[in-house]
Amino acid sequence: MGMLKNLRLKFHFKALHNELNNRKPSKDRSAVTWKGAKSIGILFDANEPDHRKRILKYADELRKKGKQVRLLGYLSQQQEGEEFPFRTFSPKDQDWRYCPKSEEIREFMGQSFDLLFFLGLQSTLWSEYISALSKAKLRIGPSTDHTYAYDLMIEVPEKAGLPAFITQMENLLGKTNTPYEAATAT
């Protein structure tokens, strides 16, 4: 890695940690059941057409279950003249420290989703930054060393693909935060 890139990364993590340290303790973070979740934010890499189709299909499945879904996709190059059924951002929406900075991203991070999914098999600088600063109640993403990024991390072999990631995520969410009734004394 070049010296300039290392310097940019150092400033990226310093800026992120400053943001995290300056935040007031969030009242938004709380237990959310899979069935009780009403709003879901989906953050994803939108570069691969097959990946986009799978995520759009998944978003439609969630909407059919009565969930409100908002998508934000990352494009490594802004696609001039191409329209997408979701909002996008690109490297031009990041500052020199690789910190996302557009109004679109700030608005997405500011929404109090019940659940925030980063649907990708490997975490990225931008996904960790957006997830870490999100006001979502529960943030889910792939396994990473940066534990501040997600509340629930899922590890799936890369060859298993996105469908396996989604299946495992839903299975885990279905088993966690399950409301139980107190046992009655006899």
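Look up: the structure comes first, before these words.
The rules behind these values
- Residues numbered from 1 in each chain as written.
- Predicted model: local features only at pLDDT ≥ 70, side-chain atom pairs only at ≥ 80, totals over all residues.
- Heavy atoms only, no water.
- Buried < 20%, exposed > 50% of the residue type's maximum accessible area, 1.4 Å probe, protein only.
- Helix = DSSP H or I, 4+ residues; strand = E, 2+ residues; numbered from the N terminus.
- Arc of directions from axis to C-beta.
- Salt bridge = Lys/Arg side-chain N within 4 Å of Asp/Glu carboxyl O.
- Phe/Tyr/Trp six-rings, centres within 6.5 Å; stacked < 30°, edge-to-face > 60°.
- Lys NZ or Arg CZ within 6 Å of the ring centre and 35° of its normal.
- Polar contact = N/O pair within 3.5 Å; in protein donor to acceptor, adjacent residues only side chain to side chain.
- Pairing = 2+ DSSP bridges.
- Axes fitted to C-alpha atoms, helices over the stretch in contact; angles between N-to-C directions.
- Contact = heavy atoms within 4.5 Å.
- Parallel < 35°, antiparallel > 145°, perpendicular 65-115°, else oblique.
- Left-handed = near helix turned anticlockwise from the far one by under 90°.
- Nonpolar A, V, L, I, M, F, W, Y, C, P; charged D, E, K, R; others polar.

Let's shift gears to helix α3 (residues 103–110). Every buried residue of α3 is accounted for by E104, I105, F108 and M109. Projected onto a plane normal to the axis of α3, the buried residues spread over an arc of 130 degrees and lie on a single side.

Across all of its chains, the model carries 11 salt bridges by this definition. One salt bridge in this structure joins E107 and R70, with 3.2 Å as the shortest N-O distance. One end of the pair, E107, is in helix α3; the other, R70, is in strand β2 (residues 68–74), and 37 residues separate them in sequence. Residue class for E107 comes out partly exposed when judged on its relative accessible area of 38%. A salt bridge links R139 to D151; the nearest nitrogen and oxygen atoms lie 2.8 Å apart. Residue R139 is located in strand β5 (residues 138–142), and its partner D151 is located in the loop between β5 and β6 (152–154); the two are separated by 12 residues in the primary sequence. Judged by its relative accessible area of 5%, R139 is buried. Its relative accessible area of 38% is what places D151 among the partly exposed residues. Here the salt bridges do not stand alone but share partners, grouping R70, R87, E104 and E107 into one network.

One pass over the full model with this rule turns up eight aromatic pairs. Judged by centre distance (4.6 Å) and plane angle (20 degrees), the ring pair of Y74 and W126 falls under stacked. With Y74 in strand β2 and W126 in helix α4 (residues 125–132), this pair connects stretches of sequence that are 52 residues apart. Given a relative accessible area of 7%, W126 falls into the buried group. Across the ring face of W34, the terminal group of K67 is positioned such that the distance to the ring centre comes to 5.2 Å.

What follows covers the side chain of S134. As for its placement among the helices and strands, S134 is situated in the loop between α4 and β5. Within the local environment of S134, its side chain forms a polar contact with the backbone nitrogen of A136, the two atoms lying 3.0 Å apart.

This part is about the sheet that holds β2. The strands that make up a sheet are held in pairs by hydrogen bonds between backbone atoms, and each pair lies either parallel or antiparallel. Pairing within the open sheet is parallel, and its six strands lie in the order β3-β2-β1-β4-β5-β6. Of all the strands in the sheet, just β3 (87–89) and β6 have a single pairing partner and so form its edges. Neighbouring strand axes in the sheet, compared pairwise and without regard to direction, differ in orientation by 20 degrees on average. Judged from the seven bridges that link them, strand β1 (residues 39–45) and β2 form a sheet pairing that is parallel. Paired with S39 across the two strands is Q68, which belongs to β2. Lying on the sheet, α3 is in contact with β1, β2, β3 and β4 (115–119); it crosses β2 at an angle near 140 degrees. Seen against the sheet, helix α5 (residues 161–175) touches β4, β5 and β6 and runs at an angle of roughly 155 degrees to β4.

Below, the discussion takes up the packing of helix α2 (residues 49–64) against α5. Viewed as axis vectors pointing N to C, α2 and α5 meet at an angle of 30 degrees, and their least axial separation amounts to 11 Å. Our classification of the angle between α2 and α5 gives roughly parallel. Remark: the crossing between α2 and α5 carries right-handed chirality. Between α2 and α5, the residues in contact are H51, R54, I55, Y58 and L62 and L162, P163, I166, M169 and E170, respectively. Taken together, the residues of the contact of α2 with α5 sort by class into seven nonpolar, one polar and two charged.

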